[in-house]
Amino acid sequence: MISILLATYNWPQALKLCLESLATQTDKDFEIIIADDGSTESTKQVIESFKHSSPIAITHLWQEDIGFRKTKILNQAIDAAHGDYLVFLDGDCIVQPDFIARHRALAQKGYLVTGSRVLLSEDLTKELLSWPQWNFSAFCTALFSKRIAGGINKYWPLKIKLGNGSWRDYKKFVWRRIKGCNMACWKSDAKAINGFDETMTGWGHEDADFVFRMQHHGITRKSGSWSTEVLHLFHKIHDQSNAAENARRVREKIMAKAL
C-alpha cells in the first residue's frame, strides 16, 4: 500500500480540492496521512467532511502552530504511515486521476522519485477554488487555451505521459527540480536517514536536505517529470526569512561529504 503524506497549513479551500482529486484516483490502494502544521478548526471540518464522504482511510495529525515546523509533523506522518511506500504531497496541489498509479509505476527499490508541478495563475486558481467540487475533465476543457492565456505554465506534460527508464536517473546530487510537494520514497529508506532534519525550521530547502541525505545513503534519485505532475495553486510567497540559512546548512553538508 502507498501512504500519501499530505502537508497542510490553514488553507482549507485548497485542501478540499486536493482531497477531492485524491478521491478520483484510478489506483485506490492508498491511505492519506494529513501532516497539519497547526491549522485552525476550519481545516479540521474539511477533513471530517471528507472522511464521511469517502472510503479512503485518512489520519489527521496536528501540532501546535508555533512557527513553520513542517519537518517535525512530516516525521510524525512517516512514523504513522501503514504503507511501505510514501508519496509526499502538499495541500495546495491538485493531482491528476492517475497520480497514484504513475507513482506506483515509478517505484523501485533503491530509488526515490522527485516529481514536478504545473503552476496555475492567480485567476485560474480563484476560479477552481469557486468550484463546488473538483472535476479533472472540466479542468482539461480548452487546456491549450489556458496555456496560451497564461493560466498554466506547462501543457504537454499534462497530455503526454512517459514510462520508466534509466534516462530518469540522476547521476549525482542536483538541487534543481526538488519539490517537496511531489516526492516519493520507501518508508524504510526515510527511516534509515531519520526522516527530515527537524532542526531546519522556517520555509525552505528541507526537501533538498532530505534528498541529499537519501542520495548520500546510497539511494538513486529518479525524475518523475512527464508522469506525475501536480497542479500547484497560486498563492503569495511564504515568509522566506529562514531560507538562506537553511540553504547554507544544506551546502555545508554537501561540501562536508565531498571532502
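Everything numeric in this text was worked out from a predicted model, so none of it was measured. (Residues numbered from 1 in each chain as written. Predicted model: local features only at pLDDT ≥ 70, side-chain atom pairs only at ≥ 80, totals over all residues. Heavy atoms only, no water.)

Chemist: Break down the nonpolar core for me, with residues and values.
Modeler: Of all hydrophobic cores here, the largest spans 28 residues; its most connected members are Ile-4, Leu-6, Leu-19, Leu-22, Ile-32 and Leu-89. Broken down by secondary-structure element, the contributors of at least two residues to this core are β1 (2-8), α1 (12-22), β2 (30-36), α2 (41-53), β4 (85-90), β5 (93-95), α4 (99-106) and β8 (182-186). With 4 residues, α1 is the largest single contributor of residues to this core. With residues near it in sequence (within four places) discarded, Ile-4 still touches Leu-22, Phe-30, Glu-31, Ile-32, Ile-33, Val-87, Leu-89, Phe-99 and Ile-100. One finds Ala-35, Ile-73, Phe-88 and Val-211 within the second-largest nonpolar core, a separate group that totals 26 residues. (Core = buried A, V, L, I, M, F, W, Y, C linked by side-chain atoms within 4.5 Å. Buried < 20%, exposed > 50% of the residue type's maximum accessible area, 1.4 Å probe, protein only. Helix = DSSP H or I, 4+ residues; strand = E, 2+ residues; numbered from the N terminus. Contact = heavy atoms within 4.5 Å.)

Chemist: How would you explain the pattern of salt bridges if you had to name every residue and give the values?
Modeler: Considering all chains together, one arrives at 10 salt bridges under this definition. Note that Arg-104 is salt-bridged to Asp-27, the shortest N-O span being 2.5 Å. In this pair, Arg-104 is assigned in helix α4 and Asp-27 in the loop between α1 and β2, connecting sequence segments 77 residues apart. With a relative accessible area of 30%, Arg-104 lands in the partly exposed category. It is possible to trace a salt-bridge network through shared partners that takes in Asp-98, Arg-102 and Lys-161. (Salt bridge = Lys/Arg side-chain N within 4 Å of Asp/Glu carboxyl O.)

Chemist: Tell me about the pairing of β1, residues and numbers included.
Modeler: With 7 of its 7 residues buried, β1 lies for the most part within the structure. Burial of β1 is two-sided: the residues Ile-2, Ile-4, Leu-6 and Thr-8 facing one way and the residues Ser-3, Leu-5 and Ala-7 facing the other way are all buried. In terms of strand pairing, β1 meets β2 through 7 bridges, oriented parallel. Considered in β2, the bridge of Ile-2 is made with Phe-30. For the segment spanning β1, α1 and β2, crossover handedness is right-handed. Examined bridge by bridge, β1 and β4 share 6 bridges and lie parallel to one another. Within the sheet, the bridge partner assigned to Ser-3 lies in β4 and is Leu-86. (Pairing = 2+ DSSP bridges. Right-handed = clockwise from strand over helix to strand, strands pointing away.)

Chemist: Break down a nonpolar patch on the surface for me, with residues and values.
Modeler: Taken together, the side chains of Trp-156, Ile-160, Leu-162, Trp-167 and Trp-226 make up a nonpolar region of the molecular surface, amounting to roughly 520 Å² of accessible area. Considering the arrangement of structural elements, one finds Trp-226 in the loop between β9 (220-223) and β10 (230-232). (Patch = residues over 30% accessible without salt bridge, like charges linked within 9 Å, V, L, I, M, F, W, Y side chains within 5 Å. Areas by Shrake-Rupley, 256 points an atom, 1.4 Å probe, with all protein chains shown as cover.)

That's the geometry; what it means functionally is another story.
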